Amino acid sequence: MATLIRSKISNVATSVSNKSQAKVSGVFARLGFQAATDEEAVGFVHCDDLDYEHRQGLQMDILKSEGSGEGGEPPLEGDIHYQRDGTGALPPSASKDEGVCSELSGQGKPRITAWEAGWNVTNAIQGMFVLGLPYAILHGGYLGLFLIIFAAVVCCYTGKILIACLYEENEDGEIVRVRDSYVDIANACCTPRFPTIGGRIVNVAQIIELVMTCILYVVVSGNLMYNSFPNLPVSQKSWSIIATAALLPCAFLKNLKAVSKFSLLCTLAHFVINILVIAYCLSRARDWAWDKVKFYIDVKKFPISIGIIVFSYTSQIFLPSLEGNMQNPKEFHCMMNWTHIAACILKGLFALVAYLTWADETKEVITDNLPSTIRAVVNIFLVAKALLSYPLPFFAAVEVLERSLFQDGSRAFFPNCYGGDGRLKWWGLTLRCTLVVFTLLMAIYVPHFALLMGLTGSLTGAGLCFLLPSLFHLKLLWRKLLWHHVFFDVAIFVIGGICSVSGFIHSLEGLIEAYGTNSEE
């Protein structure tokens, strides 16, 4: 009997020791060290899989009791059932809202401060696409300036209510995070009748916006190079082809570490360029055409301006992930306030002074109005910024497509595009190359920066920034909303819908007209 008891105690001790080693190996694996044994590595990968499924909104058992099958023994320490709202049993070493997998994945994962989160948002809403805002003022006048302010207020508000949709109240009355992404929110709104259709709609809108962003980078690269060297016998389409040839290595990207560093430097350079443009405009302040800024609007072209302005504020796609990685998520609202206030001031100032400088001669890309002596230098920096920014939306679009078409388990349309050794198979490489070529073809046949920007902003920008957040907020939290929140959500949905439809129709008409003109030429 004593021997049996000692054997049992030894087995339990061994089991607990193995689990502790697996946890330690998992943490070291997060930090870049190899696991001690193959068994531990497999266990940690399994934990990663469970964490991935949890992020999709599922609940499951993380660890199985190794001794529960003998004599109905109670589970060992660490054998828990994880719940998304954190109400399940937890090991003593875990906090109330963290399970074992979150413990493994969270400790080696650095969190970002509110300032770092604000930099990411600023980088998204203060990018190259502000170059088209003076063109929006050309067709909207003072109403265009008002729209820049209005879009900042609305996008800031919808960003906040989108994050509110990630949280719910548990049985103890505590607000807990139960969702992790825009897709999770969309699926929750369509449950139980259509539990996945909402996520598919959001994914399609996300892919369209990301691909259109890539197309715009190619278009603006060709446009800037053509206007920088007008005396060279190279057309804008040829410059677009040259730019795309430089982008072909994007098809072989495995990560974005190196690209992100260069992109950061180019973003800083872009801010310097904006300051240079404003400084040049201020030097010509005596010649500003205040009388050209009108209160009337061009009914045919102003809806295009709406799409341009809305597209310049799109950041809702990555806000859930950004908020989830903040050290103090309570600072999210403050961060959204100051980033959008700063964006509103800078965009309004940039658009107004640039339009006052060139008035009716304002072009789709404002740097094309600069004198030839400085235009080439400024435009070359902008082209470098565009080419180094292209991999970011391209890689994001590829990941969504690969997950939907090749890696979605039994629901995947095609075999997995990655081999057992992690290498990309030929059909996965074909998808990436096809996407690069598609962006080139679109840039060649529709080389109109403002029209494409207006079309994208009206179609996916308004949908992801105005329509869907307000709709989801009403659907998930309507019982707890105050009357003014309901009023704001309904107003944003109606106004956003009208602007989206109007801008999309007029942008599409403009593209068709421009394409017909190019065909005749």
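Residues numbered from 1 in each chain as written. Predicted model: local features only at pLDDT ≥ 70, side-chain atom pairs only at ≥ 80, totals over all residues. Heavy atoms only, no water.

Asker: Outline the overall build of the chain, listing residues and values.
Answerer: Scanning the chain from N- to C-terminus turns up 17 helices and two strands. Expressed as a percentage of its 521 residues, the buried residues of the chain come to 47%. Residue pairs in contact within the chain that sit at least 24 positions apart in sequence constitute 74% of those at least 6 positions apart. Surface accessibility of the chain: about 26300 Å² in total, with carbon and sulfur atoms responsible for 64%. (Helix = DSSP H or I, 4+ residues; strand = E, 2+ residues; numbered from the N terminus. Buried < 20%, exposed > 50% of the residue type's maximum accessible area, 1.4 Å probe, protein only. Contact = heavy atoms within 4.5 Å. Areas by Shrake-Rupley, 256 points an atom, 1.4 Å probe, with all protein chains shown as cover.)

Asker: So, the side chain of asparagine 170: which residues are in play, and what are the values?
Answerer: Following the sequence through the fold, asparagine 170 ends up in the loop between β1 (167-169) and β2 (175-177). Looking at asparagine 170, the relative accessible area reads 10%, which means it is buried. Polar contacts involving the side chain of asparagine 170 include one to the main-chain amide nitrogen of aspartate 172, which spans 3.0 Å. (Polar contact = N/O pair within 3.5 Å; in protein donor to acceptor, adjacent residues only side chain to side chain.)

Asker: Go over the nonpolar core with me, naming the residues and quoting the values.
Answerer: Formed by 115 residues in total, the largest nonpolar core has its most connected members in Tyr313 and Tyr390. Broken down by element, the residue count for this core peaks at 16 residues, all from helix α5 (residues 133-164). Discounting residues that sit within four places of it in the chain, tyrosine 390 has contacts with Cys214, Tyr217, Val218, Leu247, Cys250, Leu435, Val436 and Thr439. (Core = buried A, V, L, I, M, F, W, Y, C linked by side-chain atoms within 4.5 Å.)

Asker: Which residues make up α5, and what values go with them?
Answerer: Each full turn of the α-helix corresponds to 3.6 residues, which orients residues three or four apart in the same direction. Taking 1.5 Å per residue as the helical rise, α5 with its 32 residues ought to reach 46 Å, whereas the 31 Å between its terminal C-alpha atoms falls clearly short. For α5, the principal kink sits at glycine 140 and spans about 130°. Burial analysis of α5 places 24 of its 32 residues in the buried class, which makes it a mostly covered element. (Expected span 1.5 Å × (residues − 1). Bend = angle between axes of the 7 residues up to and from the residue.)

Asker: How would you sum up the confidence of the model for the chain? Please name residues and give values.
Answerer: Residues with a pLDDT of 70 or more make up 71% of the chain, whose mean pLDDT is 75. When the criterion is pLDDT under 50, residues 12-108 qualifies, and its contacts beyond four places in sequence or with other chains add up to 102 contacts. (pLDDT = per-residue confidence, 0-100.)

Asker: Outline empty space enclosed by the protein, supporting the account with residue identities and numerical values.
Answerer: Taken as a whole and judged by the stated rule, the model has two cavities of 30 Å³ or more. Approximately 40 Å³ is the volume found for the second largest cavity. Lining of the second largest cavity is provided by Ile306, Gly307, Val310, Gly457, Ser458, Ala462, Phe466, Cys499 and Ser500. For the lining of the second largest cavity, the leading source of residues is helix α16 (residues 449-477), giving four residues. For the lining of the second largest cavity, the residue count by class is five nonpolar, four polar and no charged. (1 Å grid on protein atoms, 1.4 Å probe; cavity = no way out; pocket = protein on both sides within 12 Å on 5 of 7 lines; lining within 4 Å. Points joined across faces, edges and corners; volume = space filled by probe spheres on them. Nonpolar A, V, L, I, M, F, W, Y, C, P; charged D, E, K, R; others polar.)

Asker: Tell me about the environment of alanine 188, and name the residues and values.
Answerer: Relative to the helices and strands, alanine 188 resides in helix α6 (residues 182-190). What makes alanine 188 partly exposed here is its relative accessible area of 23%. With 288 residues separating them along the chain, alanine 188 and leucine 476 place their C-alpha atoms 8.0 Å apart. With residues up to four places along the chain from it excluded, the contact list for alanine 188 reads Arg179 and Leu476.

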